[in-house]
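Each chain, letter by letter, is given below.
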Amino acid sequence: QVQLVESGGGLVQAGGSLRVSCAASSRIFSFSVMGWYRQAPGKQRESVATITSGGPTDYADSVKGRFTISKDNAKNTVYLQMNGLKPEDTAVYYCYARAVHEGFRYDYWGQGTQVTVSS
């Protein structure tokens, strides 16, 4: 069973920066896609940033130019660097990984880490 463990969340003032990390229990190069989602109170979970096994990235319009997703295959870790944080970025951030094996898709989620941005 794959486990994803997030860390690095916390409280930061608007305009500040945070980096959240996601450590996987298996080699991340085996995942076709990894990414970060977030869910604010009363809202649906939304995609924030994704990175494929080959490296291409994609971002939600609301975070483009402020957030950067990256990965370190040697450490089996995916990162989300968040700069210029805004109060509307406040949410629980979840790490996500997708694996495809013999035609079947497997989705994995971490437990989430809280990011709170004060105004």
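Our subject in this report is the structure included herewith. (Residues numbered from 1 in each chain as written. Predicted model: local features only at pLDDT ≥ 70, side-chain atom pairs only at ≥ 80, totals over all residues. Heavy atoms only, no water.)

**Observations concerning unusual backbone geometry**
Then step 1. Positive phi, close to 50°, is recorded for Asn 76, a residue that is not glycine.
Then step 2. With respect to the secondary-structure elements, Asn 76 resides in the loop between strand S7 (67–72) and strand S8 (77–82).
Then step 3. Look at Asn 76 and you get buried, because its relative accessible area is 17%. (Helix = DSSP H or I, 4+ residues; strand = E, 2+ residues; numbered from the N terminus. Buried < 20%, exposed > 50% of the residue type's maximum accessible area, 1.4 Å probe, protein only.)

**A closer look at the state of the cysteines**
Then step 1. Tallied over the entire structure, the rule returns 1 disulfide.
Then step 2. The residue that forms a disulfide with Cys 22 is Cys 95, at a sulfur-sulfur distance of 2.0 Å. A torsion of -80° about the S-S bond marks the disulfide between Cys 22 and Cys 95 as left-handed. Of the two residues, Cys 22 sits in strand S3 (residues 18–24) while Cys 95 sits in strand S9 (residues 91–101), which places them 73 residues apart along the sequence. Cys 95 shares its class with Cys 22; the two are buried. (Disulfide = S-S within 2.5 Å.)

**A short note on the sheet that holds strand S1 (residues 4–7)**
Then step 1. Across the sheet, 4 strands lie side by side as S1-S3-S8-S7; this open sheet has antiparallel pairing. Pairing within the sheet leaves two strands with one partner each, and these edge strands are S1 and S7. When the angles between neighbouring strand axes are averaged without regard to direction, this sheet yields 15°.
Then step 2. When S3 meets S8, the two strands line up antiparallel, connected through 6 bridges. Its bridge partner being in S8, Cys 22 is matched across the sheet by Val 78. (Pairing = 2+ DSSP bridges. Axes fitted to C-alpha atoms, helices over the stretch in contact; angles between N-to-C directions.)

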